[in-house]
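Residue-level structure breakdown
If you want the building blocks of each chain, they are given just below.
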Amino acid sequence: LHITYRRLTDVVLVFAAVWLFTSRDAAGTRSRLLLSLPLISRFRREVLAARAARVISVLLAGGAPFVVALDDAARALDDPAARNEVLRIRGRVREGMGAAAAVAEGSLFPEVFARLVAAGEESGRLELFFAKAADLFEERAKRAAARYVALAEPALIVAFGLVVGLIALALVQAIYGINLTPMRGGR
């Protein structure tokens, strides 16, 4: 009964993980989970800020009004948290709040984002500063990804070394067991 319960738990966990990472219905849950993990949260926020800033920048450079650009950007973003944040910013801008104040009011995007938007508002070049924000966050995300890979590489080498060592140990034990069998039978 204990083994059956254990296997059932494993099957449920596998199906839950598959659902979480493949289902459209789980996108909100997946987004909240990724934004709550300590090592991934900051990286994820910068990636989302880069995507949002890039889309808004392109739309503004194409001549779209700011509120329309925010609306279109929200539809273009695939992450529910980023989409909701851009829609919240759009709603606040529609109410008459400045873009920088609306961005600063939220908690999803990094603080630097609001300062860059404020500089864009003051200079009248929002599209330029959204592009600068996208470049900045893309560069930060690339550096963070490189750091994570650099940290994961030694851990993977050790893990693969342990696996190879365990396989070698199993082979040596099997060979040793085969060689001792005739000696025991002869006595």
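Structure first, text after, so check above.
What counts and how
- Residues numbered from 1 in each chain as written.
- Predicted model: local features only at pLDDT ≥ 70, side-chain atom pairs only at ≥ 80, totals over all residues.
- Heavy atoms only, no water.
- Axes fitted to C-alpha atoms, helices over the stretch in contact; angles between N-to-C directions.
- Helix = DSSP H or I, 4+ residues; strand = E, 2+ residues; numbered from the N terminus.
- Parallel < 35°, antiparallel > 145°, perpendicular 65-115°, else oblique.
- Left-handed = near helix turned anticlockwise from the far one by under 90°.
- Contact = heavy atoms within 4.5 Å.
- Salt bridge = Lys/Arg side-chain N within 4 Å of Asp/Glu carboxyl O.
- Nonpolar A, V, L, I, M, F, W, Y, C, P; charged D, E, K, R; others polar.

A separate point is the packing of helix H3 (residues 38–61) against helix H4 (residues 66–76). Where H3 contacts H4, the two axes come as close as 9 Å, and the packing angle between them is 140°. By the angle class used here, H3 and H4 are oblique. For H3 against H4, the interelement crossing comes out right-handed. Along the contact surface, H3 presents Val55, Ile56, Leu59 and Leu60, while H4 presents Phe66, Ala69, Leu70, Asp72, Ala73 and Ala76.

Before going further, it helps to examine the pattern of salt bridges. Per the stated rule, a full pass over the model turns up 15 salt bridges. Among the ionic contacts, a cluster of salt bridges with common partners joins Glu85, Arg88, Arg92, Glu95 and Glu105.

A word on the packing of H4 against helix H5 (residues 80–94). When two helices pack together, you describe them by how their axes are tilted relative to each other and by the distance separating the axes. Where H4 contacts H5, the axes come no closer than 8 Å and their chain directions differ by 160°. Relative to H5, the element H4 is oriented roughly antiparallel. The hand of the H4/H5 crossing is left-handed. Judged by residue contacts, Phe66, Val67, Leu70, Asp71, Ala73 and Ala74 of H4 engage Arg83, Val86, Leu87, Ile89, Arg90, Val93 and Arg94 from H5. Along the lines of polarity and charge, the residues of the contact of H4 with H5 split into nine nonpolar, no polar and four charged.

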